[in-house]
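# Residue-level structure breakdown
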Amino acid sequence: MASLAPFTWSQLSGGFKGLSLGFPLAIYLFIGWENSAMLAEETRNPRRNVPRALGIATLAIGALYVFLAYATEIAFHHDAKAIGASSIPFVDALKSSAALLLIVAYLAGLSSIFSSLIGLTNSQARILFNSGREGLLPAFFGNINPRHKTPQVAMWTFIAIAVLIVVVFGHNVQPVDLFGYTGTLGAIPIIITYLVTNLALPIYMLKHHRSDFKASRHLVLPLLGTALMLLPLWGLIEPGQPAPFNVFPSVALAALALAAIDGYVLARRHPDLAQRIGSHVADA
């Protein structure tokens, strides 16, 4: 029976600690929205339409996710252990409540997988492509197909890396576990990037666009976002986690250290690099 019970604090297993454990997954689900900035060149009136699309898409996806999570919770009768034991809770919930609609769920899942893969390839290839054009990566990443005008080197590089990850780890790791491992490992440096970006925004605005600076938008919101990011970050790096999650913080720290060293070397080699980054998007 439908009720508001899933939204009450008493239904949260482990209280605040339980929330901190689940929050990284919520953050991971929304990772990728920033890639839309890379498509500004191909968008009509990007300064208006890109933020509008981001806002509408985030609200729509968020509302759909809350509804599906709520429906699954009701179908399992608030049994957190049963939900945790299910590999695909939404499908299992549908089996017990509306088995005739399973084909719809499978088709939706299949189309979602393909659309996500296409969108992921497009966005990640665009990042490699822009990095090649602007000097962050070797210039050949900025090459395009002479006929189709697509970033062929960047696209095939990303596809090759993705296939390599699946081939190396996929033969002895279950798909759901592999998703959890890569999601956790990938979320750590991304959350740190979000933190740095939030803290950099007020400094950037005060230094370069002081006349446009608004405390609520360029100071309060970034600080609030930074505070909220600390919760999922701690949930990902907290000591005492089971293997292999216990080594992920060290791996992420090593990757960030290598990135910092690479950034330092590039900045010394190309003093104008900071001005070139994002120049193509800014001109769109």
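Residues numbered from 1 in each chain as written. Predicted model: local features only at pLDDT ≥ 70, side-chain atom pairs only at ≥ 80, totals over all residues. Heavy atoms only, no water.

### Points about the packing of aromatic side chains
How two aromatic rings sit relative to each other is given by the distance of their centres and the angle of their planes. Keep this limit in mind: Only rings of Phe, Tyr and Trp enter the pairing, Trp through its six-membered ring, and a pair is recorded when the two centres are within 6.5 Å. The plane angle decides the type: under 30 degrees is stacked, over 60 is edge-to-face, the rest tilted. Put simply, DSSP H or I for four residues or longer makes a helix, DSSP E for two residues or longer makes a strand, and each gets a number counted from the N terminus. When accessible area is computed with a 1.4 Å probe and restricted to protein chains, residues below 20% of their type maximum are described as buried, those above 50% as exposed, and intermediate ones as partly exposed.
On inspection of all chains with the given rule, the structure shows four aromatic pairs. When the centroid spacing of 6.4 Å and the interplanar angle of 70° are considered together, the rings of Tyr181 and Phe248 count as edge-to-face. Of this pair, Tyr181 sits in helix H7 (residues 175-208) while Phe248 sits in helix H9 (residues 248-269), placing them 67 residues apart in sequence. Take Tyr181: its relative accessible area is 26%, and that puts it in the partly exposed class. A centroid spacing of 5.6 Å and a plane angle of 75° characterise the contact between Phe245 and Phe248, whose relative ring orientation is edge-to-face.

### Quick look at the packing of helix H2 (residues 46-75) against helix H4 (residues 89-97)
Put simply, the rule is: Every angle, taken between N-to-C directions, lies between 0 and 180 degrees, and every axis is a line fitted to C-alpha atoms, over only the stretch in contact when it is a helix. Comment on the angle field: the value is read as roughly parallel under 35 degrees, roughly antiparallel over 145, roughly perpendicular from 65 to 115, and oblique elsewhere. Each crossing gets its handedness from the near helix: less than a right angle anticlockwise from the far helix is left-handed, clockwise is right-handed. We call two residues contacting when some pair of their heavy atoms lies within 4.5 Å. The residue classification treats Ala, Val, Leu, Ile, Met, Phe, Trp, Tyr, Cys and Pro as nonpolar and Asp, Glu, Lys and Arg as charged. All others, Gly included, are polar.
Here H2 crosses H4 at 55°, and the two axes come no closer than 9 Å. For the element pair H2 / H4, the angle class is oblique. Our pair here, H2 against H4, has a crossing hand that is left-handed. Residue-level inspection shows Leu68, Thr72 and Ala75 of H2 in contact with H4, the latter providing Pro89, Phe90 and Ala93. Among the residues making up the contact of H2 with H4, the classes are represented as five nonpolar, one polar and no charged.

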